[in-house]
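# Commentary on secondary and tertiary structure
Each chain is listed here by its residues.
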Amino acid sequence: MKKLFFLLFGGLTAFLLGCNQAPKRPHAAGIALTFDDRYVEEWTQLRPLLKKYGAKATFYVTQFDSLSPNEIRLLHELVKDGHEIGAHGAAHIRVLDWLRGGGALDDFFKLEIEAEVHSMNKAGFRPVTFAHVGGQQTWWTDRRLLRDYFQLLRDVSMTERHLPFITLRQPIFAIDDIYYQFDGSQKVHALLIDQYTHLTNAQLKDGLIRAKNTNSVLILLGHRPLFTPSEEPYAFSVQLLEKLLQDAQRMGLKSYTMAELVKK
Ligand SMILES: [Zn+2]
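Along the protein chain, the regular secondary structure elements total ten helices and 13 strands. For the protein chain, the spread of C-alpha atoms along the principal axes amounts to about 80 × 45 × 45 Å. Every one of the 264 residues in the protein chain was classed for burial, and the buried ones make up 37%. In the protein chain, of all internal contacts separated by at least 6 residues, the share reaching a separation of at least 24 is 76%.

Here it is, written out as structure tokens:
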């Protein structure tokens, strides 16, 4: 009798646990490439490489109203390839510097956010994600950005940060906020791949492995692509990017735009 009770109780527990299990997430592990500022012609030269690896990217454009008609045409070409054009501020204003300097909050929204969205709309773009300028943000401006303008905000993280007299380092697999877990979060960070941080492909591979093993998306950020070597700190090596794309493809990782991360 006792045995029967345990069998029944065990079966019931297993059944209830089974019912409580979250449905299997349909999202595949992957990477999300983002590029900031306004290197439209150089970004366009990445098109064949991105096509070769079936990779999508999000280009966060700043100072949109100063783009030439040709640059706007090139951005539309990128959209045709499946890439996303996101917003990165009308004048590249760092929000904390602006407020500390006595700038009004409403003016920040008017001059930096609304002016950017307006210029983008006029050129036929509807941005749904935003990249913070200079990694600066506040919770109350974020709240308004998400309430009135965007579905996702992106900040920056680094494996290496140079301060006076000291360099702070952290391993790529330990930076939790650069991995998107499909948990509905609307604030994410991207890992800077510019030469400033001296990232190697071995380090990036560690990041890909964590994304693969945790069914998450590794988010990356670069500024100007360097097709030939140079010492420029806020630019990234195209060779590094290609090796990353090769590794991601070999590991079966999917490539996402930022809007796709929060798509319902
Ligand atoms: Zn920027």
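Of all hydrophobic cores here, the largest spans 60 residues; its most connected members are I31, L191, V217, L218, I219 and L220. The biggest single contributor to this core is strand 10 (residues 217-222), with five residues. Other than its neighbours up to four places away in sequence, I31 contacts A211, V217, L218, L220, A248, L253 and S255.

With respect to the secondary-structure elements, M258 resides in helix 10 (residues 258-261). For M258 and L153, which are 105 residues apart along the polypeptide, the C-alpha to C-alpha distance reads 9.3 Å. Setting aside residues up to four positions removed in sequence, M258 forms contacts with A32, T34, T58, E84, G86, T129, L152 and R154.

Parameters at a glance
- Residues numbered from 1 in each chain as written.
- Predicted model: local features only at pLDDT ≥ 70, side-chain atom pairs only at ≥ 80, totals over all residues.
- Helix = DSSP H or I, 4+ residues; strand = E, 2+ residues; numbered from the N terminus.
- Buried ≥ 20, exposed ≤ 12 C-beta atoms within 10 Å, placed from the backbone.
- Contact = placed C-beta atoms within 7 Å.
- Core = buried A, V, L, I, M, F, W, Y, C linked by C-beta atoms within 7 Å.

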